[in-house]
Every structure is written in C-alpha cells, then in structure tokens.
Amino acid sequence: MFEETANYTFETDKDFDFDSMAQSCLEDARKFHEQYLIKGQKNDLNNAVDNYIDAIKFNPNIAEAYYRLAALLWDKGEINLNSAIEQCKSAINLSPSNPNARIYAGFFLELAKNYDDAEKEFKAAIKLSPFKSARSRFSLASLYLDKMQNTKINPKDFSQYLYYMLSGSLTVSLDYPSLKMIYKNLSKNISLAFYNFAGGFLEKTKNYTMAVKAYDIAADATGRSEIFYNKIGDINIKEEEISEARNSYIKALEANPYNKELLLKVATISQVYFENDVDIPIDCYSKLLEIEENNAGIYYELGHLYLKKDDYINSINAFKLALEKDNSNPFYHNALAYSLVRAEQYDEACEHYKFAIEKNPDPEWTAIVCQALASLYYNVFDDTDSAMDLLQFAIMLDSSNDEVFLELGDIYSDSEDLDSAIKSYCEAVKLNPKNPIAYNKCAMALWQKDYLEEAIIAYNKAINIDSGYYAAYNNLGVIYLDGIRNLKEAEKLFKKAISLKEDYVMAHFNLGRTYAVLEKNIDAAKEFQIALDFNEKNQELDSESIKTKLYELFEV
C-alpha cells in the first residue's frame, strides 16, 4: 500500500491577496519616503521608489502611489516635468476627491510655469478639504510669490499671496500631517542650523581645515551630503585645491545626481583644469540636458568635448542639435564647420563657414573664420583665387591678425611669387615681432631669392625668440651648407636640430649630406640610414632620394 498523500493546500492566483500585498508595499513606501524627506538618504529614496512601484503592480488603482512616485522619480531625475504631471493626472483620474493628488499636480504645474492650471489644482484641494488645507494654502501662496518673481508684479496676486499665507497659518493647527512634518523638519533644521553655524563661523575665521571637518561630520550626521560636500568643495576652491574641490562636488552629486548648480561646477572645473579628462564633463552636460533639453549652449559644450575625444560623429550631432535650437548663431555654425572638416565632410563645412562669415558678429572673430575657410579652399579644393579673396577680406576685417598674413604669404610662396610672399611675411613680423614662425617663413623666401645675409639674420631672429625651434636650426644649416659652404657651422646646426628632435629626418639627411661633402662616408652613410629608418614612420622625405644619396657614397 502506498502512503496516503498529505493534505497540502497549494496557493493559487485566486488565493493570492493582491490588495493586501499592495497595501503592505504602500506602507513600506510611506515609511522610506518619510525617512528620505527627513534625512535625504539615497537608500531611502530607492527603497521608497521600489515599494511604490510594487504597490502599483499589485493594485494599479492606488492613486497615492502615482503622485508620490512621481515626486520621487522627479527628485532622482528619472522623469521630466511632463511625465510627472501625467502621473499626477493619473492619480486624479483614479481618485478625483484626493486633495493630495491635486497638491502634487499643482506643484509640478507650477514648476512648469503653468500657473493657471496649478492655481486650479491647489484651489480644488482646498475645496475638497477646507479644514485641513494648510499645505494647499501655503502652496498657493508660494505659487503667487513665484508668479510675481517671474512676471510683472500684480496687486491682485500680492493680495492673494497674503491671504493664503495668513489663512494657511490659521488652519495649520487643524492639519495633522502638516504638524507632524513641521515637527520632524524642525528637529532636522535645528541640526542643519547647528552645523551650518559652526562651519560658517570657522570659515569666517579662516579656519578652513576645521570647517571642512565640521561639514564632513555634518554630511554623515544629517544625511544631507549634497549640502555639506558642496560647502566643502567651495572651501577647496578658496584654498585652490582644485582636485579636492571636484571630488567634493562629485560626492555631493551622489546624493542628487541632477543638481544643476553642482553639475555646472563639476563640468566647468573639469574643462578648465582637467582638459584631457572629458568623460566627466560629458556626463555632467548629458544630465543637464535631461533637465534643460532645449538648452542649445549645453549641446555646444558637448560638441567641443566630443571633439577633444576625436569623436567627430557625436561632435557633429551635438552641434547640429545646438543649431536646431538656435539656427542663427554664427558660433554654432563655425563649430559645426570645424567638426565637419575634421570628419572630411568639406562641402557641408564650407556652407556653415559661409553662414558664420555672413553673420559677422565680430570683425576679429570673423577674420579667423575667413582664414579657416580660405585654408579649406586652398588645401582641399585647390581654389587659390577664392582663398586669396577670403584672406584679403580677413585683412580688411582685422588688419592686426599676423596669422592671416602668414597664410597669404604661404600661398604667394607656393605660387612662386616670392616678392609678395616676403612682403606678407614682413607684415606678419611687424604685427608680431615675437613670432619665430614668421621669421622662419620669411627667411626661407629670402633664401629662395638668394638674399643670403637677410635670410641668415631672419633665421637667427627665429632662434633667438625660440631656442628650441629645431626647424630654424636645420634651415639655417642648409644655407651654410649649400649657400656659403661653411661646413663646420652647417654640421653644428644640424646636430643642434637633432638634439632637439631626435627623429628629425630632414636634419639627419642634411647632416649626411654635410659628411658626404667632407668625405666622411661612414658617418654620412650612418646619418642617411638613420634618416631612412625614421622616414618609414614620419614620411618627411621621399625615401628613394635618401637611398640615392646613400648609394652614391660607394659608387666607383
């Protein structure tokens, strides 16, 4: 005989009490929510959110869960204002007589600057619960104050503000939830006030070390790390401890990842002091976009950060999104054009440069844009005439820009109009006598015109300004080698260039030529071989020309 089966009762969906589970989750959510409001702890926030969500899963008809969940998700930065308002409207549809749903809806409508609809919701809450309407009345008073601060001051709004502030004060004794929260907030505020006073006193006496310690203790004791780490960061800035300041602001952001002020502080510090660390400011600006999705300036900053990462696709997309918000901004067009050039999308880049030039917000800035477009025309499209026209226009806009004269000189030099090239380079030297590149370019043109003494003077000027300018040493060495046959001086100059840049192919090649003339064939072969090896990577010269010189050393 088989043993008789025990009489177990199996739980089925029909036996499962969803309402009871929903109520249990709601109670837990309220508890965590209240703790979060008092202490500001992130764990309480997350637990409250999870329990409100579970409550809705078990019973989708609990209005309270919707509006409270909306408030917490907004605090976390996980929903925008429109979504929060829709959540509150869902709660109102489920429970039209719930005054709290109306208060929450009014709060979010006020944030969205929809004052009329917010006012209707607050008044509806008062009507639904006239004897326990302190919160509704204070909310209405806050609305009128906010409205007056953001629009023209209206006597009617001011009188309404006074009325609801006074009536709220009179009815607060009948509103138990308000009294309860006032009591809890009072104890919390006393603690906050104590630490703020202590830290503030220490700051005023410039005892910053002790102030930081006080705020650090306060962050743990009160759970308001967002407030106190922000203060620590501000002290770090005063003390010029930039890295510590950024770390403090990042700690503050852990409590509230969508604090606009903190996000801007971290992004700005990172951009100014940590130029190569672009991921942190990118993350900050991405979060700011979730708060201000129509802010063109944020997209503009993101575009530049992606450029630093050589992420041209995201850079282009960011600048295009900035232009969607503000299509008439010449700076956005210029930035997009630069990104397009880096991505080798030259035709589209030209159009955006042209737009920026047409707007001409500032002559000096526009001259630089003209120079950029001229370079594009000359180097990419081989359109010398358009390039020169743009450079001449740039000179008209800003005749003090030495870079424009240098670029104009380069075009003349390439066109073998050496007289015009020398004239342009000399203009650049006059405008900026401390620019070694201008002297170097001018010297090269003078050398090509056989003005050897003038070229030597110009090269020496470049070297005197920048003692590490290896190209000037090499170029001056060429004059001594090929122009006046001072081989000893040429050798010294080429060696100096190599000491400044070990893999300088041209200097090794020219030193090899010098040794060849001195009939030091072994030394010459060694330099030609070094030049050949480095040239595989640097591609400064035609490798065949180096090989030819090497083979000539041992021809019979």
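Scroll up for the structure.
Every value quoted in this text rests on a predicted model; they were computed, and no experiment measured them.

Participant: Can you help me understand the packing of helix H23 (residues 436–448) against helix H24 (residues 452–465) in this one?
Facilitator: What describes two packed helices is the angle between their axes and the distance between those same axes. Orientation of H23 relative to H24, taken along the N-to-C sense of each, is 165 degrees, at an axis distance of 8 Å. On the basis of their axis angle, the class for H23 and H24 is roughly antiparallel. Handedness of the crossing formed by H23 with H24: left-handed. For the pair H23 and H24, contact is made by Pro-436, Tyr-439, Asn-440, Ala-443, Met-444, Leu-446 and Trp-447 and by Leu-452, Glu-454, Ala-455, Ala-458, Tyr-459, Lys-461, Ala-462 and Ile-465, respectively. Its residues assigned to classes, the contact of H23 with H24 shows 12 nonpolar, one polar and two charged.

Participant: I tried to follow the side chain of Asn-475 on my own but got confused; where do I start?
Facilitator: Of note, Asn-475 is situated in helix H25 (residues 470–483). The exposure class assigned to Asn-475 is buried, which follows from its relative accessible area of 13%. Excluding its chain neighbours within four sequence positions, the residues that come into contact with Asn-475 are Asn-440, Met-444 and Tyr-459.

Participant: Just checking my understanding: could you explain a nonpolar patch on the surface for this structure?
Facilitator: Side chains of Phe-158, Leu-162 and Leu-166 sit close together on the surface and give an oily, nonpolar patch of about 290 Å² of accessible area. Mapped onto the fold, Leu-166 is located in helix H8 (residues 155–171).

Participant: Before we go on, may I ask you to explain unusual backbone geometry in this structure?
Facilitator: Peptide bonds are, in most cases, trans, and in most cases residues other than glycine have a negative phi. Non-glycine residue Glu-344 carries a positive phi angle of around 65 degrees. Looking at where Glu-344 falls in the secondary structure, it is placed in the loop between helix H17 (330–342) and helix H18 (346–359). Phi is positive for Asp-450, which is not a glycine, with a value near 70 degrees. The residue Asp-450 is located in the loop between H23 and H24 in this model.

Participant: Help me out: how do you make sense of helix H26 (residues 487–500) in this one?
Facilitator: What sets the pattern is the α-helix's 3.6 residues per turn: residues three or four places apart point alike. Between its terminal C-alpha atoms H26 stretches 20 Å, which fits the 20 Å expected from 14 residues at 1.5 Å a residue. At its buried positions, H26 is contacted by H25, helix H27 (505–517) and helix H28 (521–538).

Participant: Whenever I open this one, the state of the cysteines confuses me. Can you help?
Facilitator: Linking two cysteines covalently through their sulfur atoms gives a disulfide. One pass over the full model with this rule turns up zero disulfides. In this model Cys-426 remains outside any disulfide bridge; the closest cysteine sulfur is found in Cys-442, 3.9 Å from its own.

Participant: Just to check I follow, could you spell out the packing of helix H14 (residues 279–291) against helix H15 (residues 296–308) for this structure?
Facilitator: Two numbers describe how H14 lies on H15: the axes approach to 10 Å, and their chain directions differ by 155 degrees. Of the possible angle classes, the one that applies to H14 and H15 is roughly antiparallel. When you trace H14 past H15, the crossing you get is left-handed. Where H14 abuts H15, its residues Pro-281, Ile-282, Tyr-285, Ser-286, Leu-288 and Leu-289 lie against Ile-298, Tyr-299, Glu-301, Leu-302, Leu-305 and Tyr-306. In terms of residue class, the contact of H14 with H15 is made up of 10 nonpolar, one polar and one charged.

Conventions and cut-offs
Numbers given to residues run from 1 along each chain, matching the order in which its sequence is written. This being a predicted model, a pLDDT of at least 70 is required before a residue's local features are given, and a value of 80 or more before pairs of side-chain atoms are given or counted; all residues contribute to the totals for chains, interfaces and linings. By convention in this description, side-chain values take in all heavy atoms of the structure and omit both hydrogens and water. All axes are obtained by fitting lines to C-alpha atoms, using only the stretch in contact for helices, and the reported angles, taken between N-to-C directions, cover 0 to 180 degrees. Every helix listed is a DSSP run of H or I at least four residues long, and every strand listed is a run of E at least two residues long, numbered separately from the N terminus. Here the angle decides the label: under 35 degrees means roughly parallel, over 145 means roughly antiparallel, 65 to 115 means roughly perpendicular, and every other value means oblique. Note on convention: near helix rotated counterclockwise from far helix by under a right angle means a left-handed crossing. Clockwise means right-handed. By the convention used here, residues are in contact when the closest approach between their heavy atoms is within 4.5 Å. Following the grouping adopted for this structure description, the nonpolar residues are Ala, Val, Leu, Ile, Met, Phe, Trp, Tyr, Cys and Pro, the charged ones are Asp, Glu, Lys and Arg, and the polar ones are all others, Gly among them. When accessible area is computed with a 1.4 Å probe and restricted to protein chains, residues below 20% of their type maximum are described as buried, those above 50% as exposed, and intermediate ones as partly exposed. Residues with no salt bridge and a relative accessible area higher than 30% make up the patches, which join like charges within 9 Å and nonpolar side chains (Val, Leu, Ile, Met, Phe, Trp, Tyr) within 5 Å. Only the protein chains shown count as cover for residues, and the accessible areas themselves come from Shrake-Rupley with a 1.4 Å probe. By definition, a salt bridge exists where a carboxyl oxygen of Asp or Glu is found within 4 Å of a side-chain nitrogen of Lys or Arg. To estimate how far a helix should reach, multiply one less than its number of residues by 1.5 Å. Two cysteine sulfurs form a disulfide in these notes if their separation is within 2.5 Å.

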